[in-house]
Amino acid sequence: MPAKGKHRRPKSSPISRGMVAAGTGGAALAIPLLGATGAHAAVKNAAVAVAPQQAVRAASAFAAAPAVAPQAAPTTYQVKSGDCLSKIAEDHRLDGWHKLYQDNRSVVGDDPALIRPGMKLTIGAKSHATASHTSTTASHTSTATSHASDRAPAATTASATTSSAAKASQGSASGFRAPLDSVSIGTPYRMAGSMWASGYHTGVDFEAQTGTTVKAVGAGTVVTAGWGGAYGNQVVIRHADGMYSQYAHLSQLSVSAGQTVTEGQQIGLSGATGNVTGPHLHFEIRTTPDYGSDVDPLAYLRQQGASL
């Protein structure tokens, strides 16, 4: 009979346990351990192989990325006698005068053709946040420049002081007339000159002393009646055919925006408000109410049946 007391298992030496483990599961353990070791080595080798490829791709992407040119800080330019926006833009290597005008519209006014010595213009006032925006703006500027080129003034021998006088009719069968009862032309349409941003005169100047009655050339609706910056007091009328007539530098307004007028109705008195050297009536015909959409005003009136 075995002796009483707790049963004690004989201790095996570490060597024995190792051998037993090896003996009982040696093959099973050897294979997984060998597999794990091989897998770990494979992962390390793959990582070593992939890392240079990733570095090459990153370097290639960095090299392919377009370099961003630093934006020049805005500068201030003071207009001198004989300057015009196109000349200033060219001297400062800008992409056309249109953006220069937009950046300084609050200083120049509604007519970029009329700038005065002493005006302070900001060069490079605005920058574009994204490349796509820059591309769009560049395309727009290119289109605007192309349009301006299409309308470049032809060579003319007319003198600014040359004038032609004619008696305007009080009306016509088509319902159009001249803006003044007595017409005497001072500066003709499209006369070339560096004092205008577009490079030419966008309207026609009728000689008129301050206080001369100015009349609507045709029936329509007043879209603008008030201060127009370099144009001084101005009236813009939309006619039934979608064209617009502009009357600038007025000393007094006789109509208001939204008002309907008839052909020959008084809309104001001529004067010398805005950027002028003397009293006269600046008259334009446009395809829109804004500057830059001008057409030959006298040709348009004649086409409508007015006698000039």
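All values derive from a computational prediction rather than experimental measurement.

Definitions and cut-offs
- Residues numbered from 1 in each chain as written.
- Predicted model: local features only at pLDDT ≥ 70, side-chain atom pairs only at ≥ 80, totals over all residues.
- Heavy atoms only, no water.
- Helix = DSSP H or I, 4+ residues; strand = E, 2+ residues; numbered from the N terminus.
- Contact = heavy atoms within 4.5 Å.
- Salt bridge = Lys/Arg side-chain N within 4 Å of Asp/Glu carboxyl O.
- Phe/Tyr/Trp six-rings, centres within 6.5 Å; stacked < 30°, edge-to-face > 60°.
- Buried < 20%, exposed > 50% of the residue type's maximum accessible area, 1.4 Å probe, protein only.
- Core = buried A, V, L, I, M, F, W, Y, C linked by side-chain atoms within 4.5 Å.
- pLDDT = per-residue confidence, 0-100.
- Pairing = 2+ DSSP bridges.

## Some details on the overall build of the chain
So, step 1. A count of helices and strands for the chain gives 6 helices and 13 strands.
So, step 2. In the chain, of all internal contacts separated by at least 6 residues, the share reaching a separation of at least 24 is 61%.

## Observations concerning the pattern of salt bridges
So, step 1. This model, assessed by the stated rule, comprises 5 salt bridges.
So, step 2. In this structure, Lys 99 engages Asp 103 in a salt bridge whose closest nitrogen and oxygen atoms are separated by 2.8 Å. Of this pair, Lys 99 and Asp 103 both sit in helix H3 (residues 97-103), 4 residues apart, which is roughly one turn of that helix.
So, step 3. Sharing partners across several salt bridges, the network here consists of Arg 177, Asp 181 and Lys 215.

## Comments concerning the packing of aromatic side chains
So, step 1. With the rule as written, the count across this model stands at 3 aromatic pairs.
So, step 2. A ring pair is formed by Phe 176 and Tyr 300, whose centres lie 5.8 Å apart and whose planes are at 85°; its orientation type is edge-to-face. On the criterion of sequence distance, the pair formed by Phe 176 in the loop between strand E3 (165-167) and strand E4 (182-184) and Tyr 300 in helix H6 (residues 297-303) is long-range, its members being 124 residues apart.
So, step 3. The exposure class of Tyr 300 is buried, given its relative accessible area of 6%.
So, step 4. Ring geometry for Phe 206 against Phe 283: centres 6.1 Å apart, planes inclined by 45°, an arrangement best described as tilted. Residue Phe 206 is located in strand E5 (residues 204-207), and its partner Phe 283 is located in strand E12 (residues 280-286); the two are separated by 77 residues in the primary sequence. Both residues of the pair, Phe 206 and Phe 283, count as buried.

## Thoughts on unusual backbone geometry
For residues that are not glycine, phi is negative in most cases, and the peptide bond is trans in most cases.
So, step 1. Within the chain, Arg 93 stands out as a residue other than glycine whose phi angle is a positive 55°.
So, step 2. Note on placement: Arg 93 falls in the loop between helix H2 (85-91) and H3.
So, step 3. Within the chain, Arg 190 stands out as a residue other than glycine whose phi angle is a positive 65°.
So, step 4. With respect to the element layout, Arg 190 can be found in the loop between E4 and E5.
So, step 5. By relative accessible area, which is 24% here, Arg 190 ends up partly exposed.

## Things to note about the nonpolar core
So, step 1. Ranked by internal contacts, the top residues of the largest apolar core, which has 27 residues, are Phe 206, Val 235, Ile 237, Tyr 247, Ile 267 and Phe 283.
So, step 2. Elements with a contribution of two residues or more to this core: E5, strand E8 (233-239), strand E9 (244-253), E12 and H6.
So, step 3. The contacts of Ile 267, once residues within four sequence positions are left out, are Val 214, Lys 215, Ala 216, Val 235, Ile 237, Tyr 247, Gln 252, Leu 253, Ser 254 and Val 255.
So, step 4. Membership of the second largest hydrophobic core comes to 16 residues, among which are Trp 97, Val 108, Ile 115 and Leu 121.

## Considerations on the confidence of the model for the chain
Any region with low pLDDT has predicted coordinates that should not be read closely.
So, step 1. Per-residue pLDDT for the chain averages 72, and the proportion of residues at 70 or more is 57%.
So, step 2. Here residues 46-50 scores under 50 on pLDDT; set against residues more than four positions off or in separate chains, the count is 0 contacts.
So, step 3. A low-confidence stretch, residues 127-173 stays under pLDDT 50, and its non-local contacts, those more than four residues away or across chains, total 59 contacts.

## A word on the environment of His 201
So, step 1. The topology assignment puts His 201 in the loop between E4 and E5.
So, step 2. Sequence-wise, His 201 and Arg 190 are 11 residues apart; in three dimensions their C-alpha atoms are separated by 4.6 Å.

## Focus: the pairing of E8
Where a strand is regular, its side chains alternate between the two sheet faces.
So, step 1. In terms of burial, E8 is a largely internal element, 6 of the 7 residues being buried.
So, step 2. Counted along the chain from strand E7 (residues 220-227) to the antiparallel partner E8, the turn is 5 residues long, and its residue Gly 229 has a positive phi close to 70°.
So, step 3. Connecting E8 to the antiparallel partner E9 that follows it, the hairpin turn spans 4 residues, and Gly 242 within it adopts a positive phi of roughly 90°.

## Describing the side chain of Ser 270
So, step 1. In this fold, Ser 270 is placed in strand E11 (residues 266-270).
So, step 2. Excluding its chain neighbours within four sequence positions, the residues that come into contact with Ser 270 are Ala 208, Gln 209, Thr 210, Gly 211, Thr 212, Val 214, His 249, Leu 250 and Ser 251.

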